[in-house]
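Read off the chains here:
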Amino acid sequence: MTSTRRPALHPLSFALMLGLSASAWSQTTPPTPASPATPPAKAPAPTPERSRPAAPPTTKEADNPTQLDRVEIQGTSRDDDQRRASTASKIIIGREEIERYGDSTIGEVLKRLPGVTTGGRPGRGGEVRMRGMGGGYTQILVNGERMPPGFSLDELPPEQIERIEVMRAPTAEFGARAIAGTINVVLREAIQRRLNEVRLATTFERDHVTPHFNWTRNDKIGDNGDAYNFTVNAMQHKRLDDIDSQSFTQRFDTTTGALKSDTLLQTRGQTADERKSLNMTGRLQLRLDGGDTLAIQPFVMVNRGSGSSDSRQTQGPVPDENAFERIKYDTSSNDSSSRSAMARLNLQWNKRIDERTRMETRLGAGRMTMNSSAHREEDLDSTPGVSYRTQDDTTKSRDTQWSVNVKLTHQMENEHNLVAGVEGEGTDRSQTRGCYEVFGQTMRGANCAFLADFGENVSASTRRLAVYGQDEWSIGKQWGFYAGLRWEGIQTDSTNNQGPVKNTSSVLTPLLHGVYKIDEKSREQIRASLTRSYKAPNLNDVIGRLSINNQFTCQPPDTLCGPNLINYPDRFGNPDLKPEMATGVEIGYEKYLSKGGLLSANFFYRRITDLIRSQAELETVPYATEQRWVIRPRNIGNAKTYGVELEAKFRLDEYLTDALPVNLRSNLSLFHSAVDGIPGPNNKLDQQPRYTANLGADYRLRSVPLTLGASLNYTPTTLLQQSDQVLNDIDKKRVIDLSAMWTFSPSVAVRVAASNLVPLTYGNGSIATTPGRIVTSESTGRSFTVWTLRLELKV
């Protein structure tokens, strides 16, 4: 009698499962599993780091509905196949994973991956960070290209995404501006089959109902292999949030340390925001003679937004000797509007030179315009009917961007795959700002005082040139290696009333990756990387325009400003910034399971020099009679960070006999960092938590066409010593998501999703200590559950 043996648990596998069972689960769901009787496929050979589109199905397959279903299932399994075959550590998130929970933003999709955090309120996406590192350590690309300043991943709806590639370590081809890692978002591709999808959705948040429409069309053109894809997405967002902040100031005698006085300042109010957007992407794929291909990809985004806020602040007694701390107004109201538009066209030409050599040329050009206006009124109860101050502020900016990339690939007979390339990129910014103030008591109207010194117009340009080479090869069936070298130079120029500004930097980054397959079938493998990466100052860091804090503005009859407090600083750029450099090490273990799953552990280490951090310091400024606190990005010294990322995703019946085939996903990432020159123990890198955890499961019922999914994302409270004077407190996040999809037929489905169930209050705080004064600040607000109802049609 033959008995069925369950897979034996590898010691490391057992440790991973045990460590993850109490934590969280990532979104990188296992591919559709094969039958247990199906023998495992031979592992694919290592491929170059830039993923190539999968080969389209044949015309016969495209015309046969049964064959189409089979091709779609195989397509999802390629996510882990590409991850396994890549020499450098890479995670692929395909269409099935993107759609699994019905997320409305890319940030919500990515938050379930190992080590990925978002900067917004729970359930609302936000800035995406790898390894918990904020402040631009994560390189964000769209189709392998950098987007203009002001672009946010949240502006891209998930329906327009083909896949997301997450690279933990830099490569020569994708660029080394990736100390934490790289996220490359690939837009929908043209494939050789007909697809006509319409999705109608409605979201509900705090009694606001907002619509969402998406249409995706894909089809072939003729019989020569040409195809096109076109996606239109229209959506609206309405959000209502509370303002609840307070600041408690304690004043001490600088000699004796005795408490002299204290004052509580409270602010209460509400903000409302509404945004409408229209996004269009397309791709025309043409097959030329000799095996050449030409892809034309337009990308258009249009956004309109409006916002308003009303708040009232109350303040306790302030001694006469500290009279400058007294509030100048009791109530304030703001109304704002904004418009932005971005249009970009990318061309990609693949030229087949011979059987082993190809050349890829990519050209891109685009423009982004942003116009905003704001009206602010401040009132004082002691002068009813007369505004203390009104301010009208308008900003118009235009960014023009171009890029040229040429890559040559040559496959040698001895398993070496050589790649060499050159990249050029330019961004030109033109910005005009107008600001007009009226003070009620004197009825004086004038341009805002600081514009006299810093001007209304700013022009800036950035030029980037890069040259790289890489070699990827295998030795036998178990060893794969990658070696790359990249040089990159960046120059930023700007002009304003203060004169010209110039910032130039160049870096040379060597990159090494290796993978060892413990067995020839590639079920288990070990990865290692040794790299150099860097973070260049961005345009806003270098030319950031002056922003004077509203609490301590210049006021009549003075022509200059007075002092301010450290918790109400002004903000300015820094043209003298140097790039951060980092030496990195990665060591990872991966085990691929027979039913489509993965167990992995990855260790990383980064040593960073010339760390950039925004810190407040007292400065002598031309617009004030006394020194004022000003926040600027500054190079403050060196830092290090390291951590472990654990991941487990598998079918429950992989290890438990007679269990339901529930797909389980979990990950736990532990982080540690230390910044030299700042007192510990909380001298961490910006925004980096102690750990992040994810837990998720989904199951397709056998008796009814219903698929259920649930996930939990958790990030603990974080204390961060920002400088010698300031300690920040970042609140915890706990996000519970549920989803259910009922499939009426292959062409009709309804999905219901809830994001951020059991919402928590979310906020941030700080303690600022200066001679004779301690200021404790706190800002909190409620978060809300977002419900989504979506009808999915295949016409």
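Description of the structure in this document. (Residues numbered from 1 in each chain as written. Predicted model: local features only at pLDDT ≥ 70, side-chain atom pairs only at ≥ 80, totals over all residues. Heavy atoms only, no water.)

### Observations concerning the sheet that holds strand 6 (residues 181-187)
Point 1. Taking strand neighbours across the sheet as the criterion, the 4 strands line up as 1-5-6-4 in an open arrangement whose pairing is mixed. The sheet is open, and its two edges are formed by strand 1 (90-93) and strand 4 (138-142), each paired on a single side. Across the sheet, the mean angle from the axis of one strand to that of its neighbour is 15°, orientation sign disregarded.
Point 2. Bridge count for strand 1 against strand 5 (residues 161-167) is 4 bridges, and the pairing is antiparallel. Note on strand 5: the bridge partner recorded for Lys 90 is Met 167. (Pairing = 2+ DSSP bridges. Helix = DSSP H or I, 4+ residues; strand = E, 2+ residues; numbered from the N terminus. Axes fitted to C-alpha atoms, helices over the stretch in contact; angles between N-to-C directions.)

### Observations regarding the packing of aromatic side chains
Point 1. What the rule picks out here adds up to 8 aromatic pairs.
Point 2. Each ring, one from Trp 215 and one from Phe 230, has its centre 6.0 Å from the other, and the planes form 75°; the classification is edge-to-face. Of this pair, Trp 215 sits in strand 8 (residues 208-221) while Phe 230 sits in strand 9 (residues 226-252), and the two are 15 residues apart along the sequence.
Point 3. The exposure class of Phe 230 is partly exposed, given its relative accessible area of 33%.
Point 4. Each ring, one from Trp 479 and one from Tyr 516, has its centre 4.5 Å from the other, and the planes form 40°; the classification is tilted. (Phe/Tyr/Trp six-rings, centres within 6.5 Å; stacked < 30°, edge-to-face > 60°. Buried < 20%, exposed > 50% of the residue type's maximum accessible area, 1.4 Å probe, protein only.)

### Overview of the environment of Thr 692
Point 1. With respect to the helices, strands and loops of the structure, Thr 692 is situated in strand 26 (residues 691-700).
Point 2. For Thr 692, a relative accessible area of 1% puts it in the buried group.
Point 3. Between the alpha carbons of Thr 692 and Val 116 there is a distance of 7.8 Å; along the sequence they are 576 residues apart.
Point 4. Ignoring anything within four residues of it in the chain, the contact list for Thr 692 reads Gly 115, Thr 117, Asn 667, Leu 668, Ser 669, Phe 671, Tyr 714 and Thr 715. (Contact = heavy atoms within 4.5 Å.)

### Here we look at the environment of Thr 531
Point 1. As for its position among the elements, Thr 531 is in strand 20 (residues 524-535).
Point 2. In contact with Thr 531, other than residues within four places in its own chain, are Ala 169, Pro 170, Pro 510, Leu 511, Leu 512, His 513, Ala 582, Thr 583 and Gly 584.

### Examining the pairing of strand 31 (residues 748-757)
Point 1. Counting buried residues in strand 31 gives 7 out of 10 residues, a clear majority hidden from the surface.
Point 2. In the sheet, strand 30 (residues 733-745) pairs with strand 31 via 9 bridges, with the strands oriented antiparallel. Each bridged residue has a counterpart across the sheet, and for Thr 743 the counterpart in strand 31 is Ala 749.
Point 3. Between strand 30 and strand 31, which pair antiparallel in sequence order, lie 2 residues.

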